[in-house]
Amino acid sequence: MQLDYYLLEYLFYCPDGLSLNRYYVAVTNYKLFCQGTLGYLFAACDTTTIIIIMLLFPALISLYITPVLSKSCYDLFSSYNASNGFFDQFEFEVVDDPTHGYVDYVDYNVAIEYGLVNYTDKGQIYIGVDHNDVVSSNARGRKSVRLKSKEVINGNTLLVLNVDHMPSTTGNSMAKGCSIWPAFWTFGSDWPYNGEIDIIEYVNDDSVVASTLHTDFGCDQSGEDTDSFTGSWGLSSISGQPSTNCDVNAVGQDTNAGCGIQGTEGVEPVGAAFNSGTGGVYVTEWDSSKEIRMFYFPRDSIPSDLQSGSPNPDGWGNPYARFEVSPDSSSCPSSHFQDHNIIFDTTFCGDWAGNTFPYSCSSSISCVDFVKNNPAEFAESYWLVNSVDIYSAC
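Quick caveat: nothing in here was measured; it's all calculated off a predicted structure.

**Quick word on the overall build of the chain**
For step 1, the next point in the chain: When its secondary structure is counted, the chain shows 9 helices and 18 strands.
For step 2, the next point in the chain: The proportion of buried residues among the 394 residues of the chain is 52%.
For step 3, the next point in the chain: Look at the contacts in the chain between residues 6 or more apart in sequence, and 73% of them connect residues 24 or more apart.
For step 4, the next point in the chain: Entry remark: accessible area of the chain is about 17,600 Å², with carbon and sulfur atoms responsible for 51%.

As structure tokens, then:
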């Protein structure tokens, strides 16, 4: 093989190591193809013969180096973990829940006092809710936190959440997950004009991830090739049709539904289904030139390039969710998504979890009453995060 390498260097005049390697890969790939399917045409599929063929037919070079030329390139830009003060990277927002949940978002000091956040002995980040007290009648709801990153991210970014546990409930009195609405997401100021990217979102006893974009008018994904992702479009409860219009006020879709893609049952898990495994990573690639796409890898299937800190999403196969965005797109210009903060939150009931609670969980008790009077149910309502890594394009 070393002789082949130098022969290529001589014949193709490639002083640049990267270019030389591309030609080497092209010849190697063609050799395998030749030996497998064309061997009967040649006495031997040797390197010299193949190089002569490529010199005569240069198009073959492009054909066999395409995977190399399309390789993504990302460098680690920021990492949020226990060793560098994870909670110092976030603001604890004390706000009324914009989704009208039965929740009391508290500041850092209160969160520490009630044990809602901490670093574990294993160097992980615990982000939970109050699971000790019945909620008082004059409170906004059950205590929780809403974390907003101080850092702002934009396109040409790879966002990697490495997590071991997601919020659920103990399931002592009804199905695991009932009443909760956790999310890991990003959004820009002046919502919805700078967009929202929901990476992980689910309610009640959901067991599969939902990933959704929310925008103002002018972002439509109805033309997206469904073969480009493995999940499926969420359906409108109004029309029964796929919700492919990202506009929060889209006609024929539920209010603020956005354009959402669900993962595959048993493949992209959330909540109690996720917690039955050993954790994993959710990855979002935000490429302003062409797409936003999401991947999930369980702990024992994380790509080696991602583990080594040199992620190449183009080598991971189809994502479970993909949305087409680009600067010159007529269906969804990338200008819809700008200057995003990263958010962790866990709320209860509200516009989504509360409205579906009677059908998913119980019609004999209200969602709010369940959350108010059953603190022990929420001992499992926590995120256990290893890290949040932000890569920027090379």
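**Things to note about the nonpolar core**
Where a protein is soluble and globular, its nonpolar side chains tend to be buried together.
For step 1, the next point in the chain: Grouped together as the largest cluster of nonpolar side chains are 66 residues, with contacts concentrated most on Phe 86, Ile 127, Ile 200, Phe 344 and Val 385.
For step 2, the next point in the chain: Those residues in contact with Ile 127, other than ones at most four positions away along the chain, are Phe 86, Phe 87, Leu 116, Val 117, Val 145, Leu 147, Phe 344, Ser 381, Tyr 382, Trp 383 and Val 385.

**Describing the side chain of Ser 329**
For step 1, the next point in the chain: Tracing the sequence through the fold places Ser 329 in the loop between strand E16 (321-324) and strand E17 (340-348).
For step 2, the next point in the chain: Classification of Ser 329 by relative accessible area gives buried; the value is 14%.
For step 3, the next point in the chain: Within the structure, the side chain of Ser 329 is placed 3.1 Å from the side chain of Ser 331, a separation counted as a polar contact.

**So, the pairing of strand E13 (residues 259-262)**
Remember that side chains alternate between the two faces of the sheet whenever the strand is regular.
For step 1, the next point in the chain: Examined bridge by bridge, strand E11 (residues 210-214) and E13 share 4 bridges and lie antiparallel to one another. Residue pairing across strands places Ser 211 opposite Ile 261, the latter belonging to E13.
For step 2, the next point in the chain: The pairing of strand E12 (residues 232-233) with E13 spans 2 bridges and is antiparallel. Of the residues in E13, the one forming a bridge with Trp 233 is Ile 261.

**Focus: the sheet that holds strand E9 (residues 180-188)**
For step 1, the next point in the chain: Spatially, the 8 strands line up as an open sheet ordered E2-E7-E17-E9-E10-E11-E13-E12, and their pairing is antiparallel. Looking at the sheet topology across the chains shown, the edges are occupied by strand E2 (90-92) and E12.
For step 2, the next point in the chain: Pairing geometry for E9 and strand E10 (residues 196-201), over 5 bridges, is antiparallel. Looking at E10, one finds that Ala 183 is bridged to Glu 201.

**What to know about the pattern of salt bridges**
For step 1, the next point in the chain: Enumeration according to the criterion identifies 12 salt bridges in this entry.
For step 2, the next point in the chain: The partner of Glu 291 in a salt bridge is Lys 290, with the nearest N and O atoms 4.0 Å apart.
For step 3, the next point in the chain: Glu 291 sits in the buried class, given a relative accessible area of 5%.
For step 4, the next point in the chain: By relative accessible area, which is 38% here, Lys 290 ends up partly exposed.
For step 5, the next point in the chain: Shared partners join several salt bridges into a network, and the residues in it are Glu 224, Glu 285, Lys 290, Glu 291, Arg 293, Asp 314 and Arg 322.

**Notes on the state of the cysteines**
For step 1, the next point in the chain: Taken as a whole and assessed by the stated rule, the structure comprises 5 disulfides.
For step 2, the next point in the chain: The residue that forms a disulfide with Cys 178 is Cys 361, at a sulfur-sulfur distance of 2.1 Å. In this structure the cystine formed by Cys 178 and Cys 361 twists about its S-S bond by roughly -100 degrees; its chirality is therefore left-handed. Taken as a pair, Cys 178 in the loop between strand E8 (157-165) and E9 and Cys 361 in the loop between helix H8 (350-360) and helix H9 (367-373) lie far apart in primary sequence, 183 residues in all.
For step 3, the next point in the chain: Residue classification places Cys 178 among the buried residues on the basis of a relative accessible area of 0%.
For step 4, the next point in the chain: Across a sulfur-sulfur distance of 2.1 Å, Cys 349 and Cys 367 are joined as a disulfide pair. Because the sign of the S-S torsion sets the handedness, a value of about -95 degrees for the bond joining Cys 349 and Cys 367 places this disulfide among the left-handed ones. Of this pair, Cys 349 sits in the loop between E17 and H8 while Cys 367 sits in helix H9, placing them 18 residues apart in sequence. There is no split in this pair, since Cys 349 and Cys 367 are both buried.

**Regarding the confidence of the model for the chain**
For step 1, the next point in the chain: Chain-level statistics for the chain give a pLDDT mean of 89 and a share of 82% at 70 or above.
For step 2, the next point in the chain: Mean pLDDT across the secondary structure elements of the chain bottoms out at helix H1 (residues 2-12), with 44, and peaks at strand E5 (residues 125-127), with 99.
For step 3, the next point in the chain: Below a pLDDT of 50 lies the segment residues 1-25, which in the model reaches 32 contacts outside its immediate sequence neighbourhood of four places, other chains included.
For step 4, the next point in the chain: Between residues 37-43, whose pLDDT stays under 50, and residues either more than four places distant or in other chains, the model counts 7 contacts.

**Notes on the packing of aromatic side chains**
Note on aromatic pairs: each is described by the distance of the centres and the angle between the planes.
For step 1, the next point in the chain: Inspection of the entire model under this criterion finds 24 aromatic pairs.
For step 2, the next point in the chain: Ring centres 5.1 Å apart and planes at 35 degrees place the aromatic pair Trp 185 and Phe 187 in the tilted group.
For step 3, the next point in the chain: Residue Trp 185 is classed as buried on the basis of its relative accessible area of 9%.
For step 4, the next point in the chain: The class for Phe 187 is buried, based on a relative accessible area of 14%.
For step 5, the next point in the chain: Geometry around Tyr 114 places Lys 143 over its ring, the cationic atom sitting 4.8 Å from the centre.

**Side note on the side chain of Thr 347**
For step 1, the next point in the chain: Counting through the fold element by element, Thr 347 comes out in strand E17.
For step 2, the next point in the chain: On the basis of relative accessibility, which here comes to 2%, the residue Thr 347 falls in the buried class.
For step 3, the next point in the chain: A polar contact is formed between the side chain of Thr 347 and the side chain of Asp 97, at a distance of 2.8 Å.
For step 4, the next point in the chain: When near neighbours in sequence (up to four residues on either side) are disregarded, Thr 347 contacts Asp 97, Thr 99, Gly 101, Tyr 102, Val 103, Tyr 105, Ser 179, Ile 180 and Trp 181.

**Section: the environment of Val 103**
For step 1, the next point in the chain: As for its position among the elements, Val 103 is in strand E3 (residues 103-105).
For step 2, the next point in the chain: A relative accessible area of 2% places Val 103 in the buried class.
For step 3, the next point in the chain: Once the C-alpha coordinates of Val 103 and Gly 350 are considered, the two residues, 247 residues apart in sequence, prove to be 9.0 Å apart.
For step 4, the next point in the chain: With sequence-adjacent residues up to four places away left out, Val 103 is seen in contact with Asp 97, Arg 140, Gly 141, Arg 142, Ser 144, Thr 346, Thr 347 and Phe 348.

About the cut-offs
Residues numbered from 1 in each chain as written. Predicted model: local features only at pLDDT ≥ 70, side-chain atom pairs only at ≥ 80, totals over all residues. Heavy atoms only, no water. Helix = DSSP H or I, 4+ residues; strand = E, 2+ residues; numbered from the N terminus. Buried < 20%, exposed > 50% of the residue type's maximum accessible area, 1.4 Å probe, protein only. Contact = heavy atoms within 4.5 Å. Areas by Shrake-Rupley, 256 points an atom, 1.4 Å probe, with all protein chains shown as cover. Core = buried A, V, L, I, M, F, W, Y, C linked by side-chain atoms within 4.5 Å. Polar contact = N/O pair within 3.5 Å; in protein donor to acceptor, adjacent residues only side chain to side chain. Pairing = 2+ DSSP bridges. Salt bridge = Lys/Arg side-chain N within 4 Å of Asp/Glu carboxyl O. Disulfide = S-S within 2.5 Å. pLDDT = per-residue confidence, 0-100. Phe/Tyr/Trp six-rings, centres within 6.5 Å; stacked < 30°, edge-to-face > 60°. Lys NZ or Arg CZ within 6 Å of the ring centre and 35° of its normal.

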